[in-house]
Amino acid sequence: MTDGTRSEEPLAEAPRPHRATRPGRHAVVVGGGLAGLTSALALADAGVRVTLLEGRPRLGGLAFSFRRGDLTVDNGQHVYLRCCTAYRWFLDRIGGAALAPLQNRLDVPVLDVNRPEGRRLGRLRRDPLPVPLHLGRSLAAYPHLSLAERAAVGRAALALKGLDLADPALDAQDFGSWLAAHGQSARAVEALWDLVGVATLNAVASDASLGLAAMVFKTGLLSDPGAADIGWARVPLGELHDRLARRALDSAGVRTEVRTRVTSVSTNENGGWSVQVPGESVEADAVVLAVPQREAHDLLPPGALDEPARLLDIGTAPILNIHVVYDREVLTRPFFAALGTPVQWVFDRTAASGLRHGQYLALSQSVAHDEIDTPVAELRERYLPELARLLPRTRGAEVTDFFVTRERTATFAPTPGVGRLRPGARTKAPGLYLAGAWTATGWPATMESAVRSGVSAADAALGALGRPRPSRLFGFEEAAA
Ligand SMILES: Cc1cc2nc3c(=O)[nH]c(=O)nc-3n(C[C@H](O)[C@H](O)[C@H](O)COP(=O)(O)OP(=O)(O)OC[C@H]3O[C@@H](n4cnc5c(N)ncnc54)[C@H](O)[C@@H]3O)c2cc1C
């Protein structure tokens, strides 16, 4: 068994860190996940001298790769949507956009294995028509719902479109109750709303904030016809978030130190900041804390937030990935979603992992509270027969490898009320900023949220450092359109 949080190896030996020698104001970014990488790049691109400190031996935070024999394995399948303009800006910035392309047009095969008549394939895809007609034909033909349910889904989608995302009352309600009040059957929730919502929010509808759910569905499905086109890395995540990100940092002049855990952050006698790492105190004019909420709580100096204990009230939710290598091809599509089985989403990872013979599938299991600690042998017993139901070709195939990666704190839990717990980038301590997917970006815990938070923190820090905001950096919405 592989525990994704412990058994990673750096993909490639990173280049020797070089000390930035540019004079001027100095910012320290703590945490080399997507939020910290973004802040560091944005600050360096604006002419600030930047030091990035990351506790682990690699960059990329929660979205990384490790080696397992000849395979390069992602800790968890990651996808993004065309509407994720900030993450797309990030991919462009590190020179990785071509390695994580988008579908030309949203197309999600949905396979139901629990039908009396046998396996049934449906498709969620869009037509080249304006919103909401772009999904009309697909919804009308969606075989996993009755005609009445499809009509009710259409009505609920229009009601969702009318919700005001800026209304804080939305965050206090749960999405499941809202769906029920808008005529959605349990089947419609399972076969449509949760199919999308579980994967994007990491919560079932009844446990999700209406505000966050409405944000996902409005932005992804009801803003622009192409907004929900899906993108994913055709290379290991570490190639993007570690190797290419490191190259971009190096050429931007950022001093990057991995295996360097920050133990405290405090003000110094010059009115700046001292960032303590083992054996060194790094002095800075501004600090961006781009670490998970619990670590941020522990590092924040007294008075930086009015109620720092609120950070500890932001819950977390697990994601389990089950990795299965077969001795032959068993799936001809790049991915599909499943109904009527515990299997959620299945991705073909063969080419990205470097596997030469056979096929490597990754099962991405969100909301994995019940299975996150299940022994690998038990998972194998449970999931191989399910894959045999879904994919008939697996029946004659040999499983040559089976392992799991467990991310216990994969995302913050998007529960009703979480919105008021998420702080913005600014703290009450001048020169100290927060970033991370869990901060108040309006997005659920995604790569998009992380990058947006990194931009916000850099933006706030630039103001305090008296540096102009370069429009080409922060105009990512236009840049990625
Ligand atoms: C299995 C899985 C699947 C996912 N699927 C998707 C998906 O499909 N699409 C999507 O958009 N998102 C997905 N996500 C979520 C996405 O990965 C995260 O939201 C995003 O990567 C978070 O980035 P971050 O920079 O905010 O935080 P993190 O990635 O947690 O980065 C924080 C960094 O800070 C470092 N750190 C902590 N304390 C210290 C310290 N004291 N000193 C120095 N460094 C420190 C950590 O080592 C870490 O590198 C998934 C996550 C997981 C785990």
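Where an unreviewed UniProt entry is consulted, the protein chain appears under the name Phytoene dehydrogenase, with the organism given as Streptomyces naganishii JCM 4654. Of the comments in the UniProt record for the protein chain, the one headed Cofactor (unreviewed entry) reads "FAD".

A. Layout of the overall build of the protein chain. Assigned secondary structure in the protein chain consists of 16 helices and 19 strands. Each of the three principal axes of the protein chain carries a C-alpha extent, and together these read 75 × 50 × 40 Å. Relative to its 481 residues, the protein chain shows a buried fraction of 58%. A separation threshold of at least 6 residues defines the contact pool for the protein chain, and within that pool the share at least 24 residues apart is 71%. Where the 54 positive side-chain charges of the protein chain centre and where its 52 negative ones centre are 5 Å apart.

B. Representation of the site of the ligand. Residues in close proximity to the ligand total 33 residues, the closest being Glu 54, Leu 62, His 78, Val 79 and Met 447. Contact between the ligand and Val 262: a nitrogen atom at 2.9 Å from a main-chain N or O atom of the residue. Protein contact buries 94% of the 1,000 Å² of open area that the ligand shows by itself. Those elements giving two or more residues to the shell around the ligand turn out to be helix H1 (34-45), helix H10 (293-299), strand E18 (399-412) and helix H14 (447-464). Its residues assigned to classes, the shell around the ligand comprises 17 nonpolar, eleven polar and five charged.

C. Representation of the sheet that holds strand E13 (residues 286-289) in the model. The strand order across the open sheet built from five strands is E9-E2-E1-E13-E19, with neighbouring strands paired in parallel fashion. What marks the edges here is a single partner per strand, and that holds for strand E9 (255-257) and strand E19 (432-434). Taken pair by pair, the neighbouring strands of this sheet meet at an average axis angle of 15 degrees, ignoring direction. Examined bridge by bridge, strand E1 (residues 26-30) and strand E2 (residues 49-53) share five bridges and lie parallel to one another. The residue bridging Val 30 from the neighbouring strand is Leu 53, located in E2. Contacting E13 and E19, H14 runs over the sheet at an angle of about 165 degrees to E19.

D. Summary view of the pairing of E2. Summarising burial for E2: four of the five residues are buried, a large majority. Taken together, E1, H1 and E2 form a β-α-β motif whose crossover is right-handed. When E2 meets E9, the two strands line up parallel, connected through three bridges. The residue bridging Leu 53 from the neighbouring strand is Glu 257, located in E9.

Parameters at a glance
- Residues numbered from 1 in each chain as written.
- Predicted model: local features only at pLDDT ≥ 70, side-chain atom pairs only at ≥ 80, totals over all residues.
- Heavy atoms only, no water.
- UniProt positions renumbered as here; feature names shortened; annotations may be inferred.
- Helix = DSSP H or I, 4+ residues; strand = E, 2+ residues; numbered from the N terminus.
- Buried < 20%, exposed > 50% of the residue type's maximum accessible area, 1.4 Å probe, protein only.
- Contact = heavy atoms within 4.5 Å.
- Lys, Arg positive; Asp, Glu negative; His and termini not counted.
- Charge placed at Lys NZ, Arg CZ, Asp CG, Glu CD.
- Near = heavy atom within 4 Å.
- Polar contact = N/O pair within 3.5 Å; in protein donor to acceptor, adjacent residues only side chain to side chain.
- Areas by Shrake-Rupley, 256 points an atom, 1.4 Å probe, with all protein chains shown as cover.
- Nonpolar A, V, L, I, M, F, W, Y, C, P; charged D, E, K, R; others polar.
- Pairing = 2+ DSSP bridges.
- Axes fitted to C-alpha atoms, helices over the stretch in contact; angles between N-to-C directions.
- Right-handed = clockwise from strand over helix to strand, strands pointing away.

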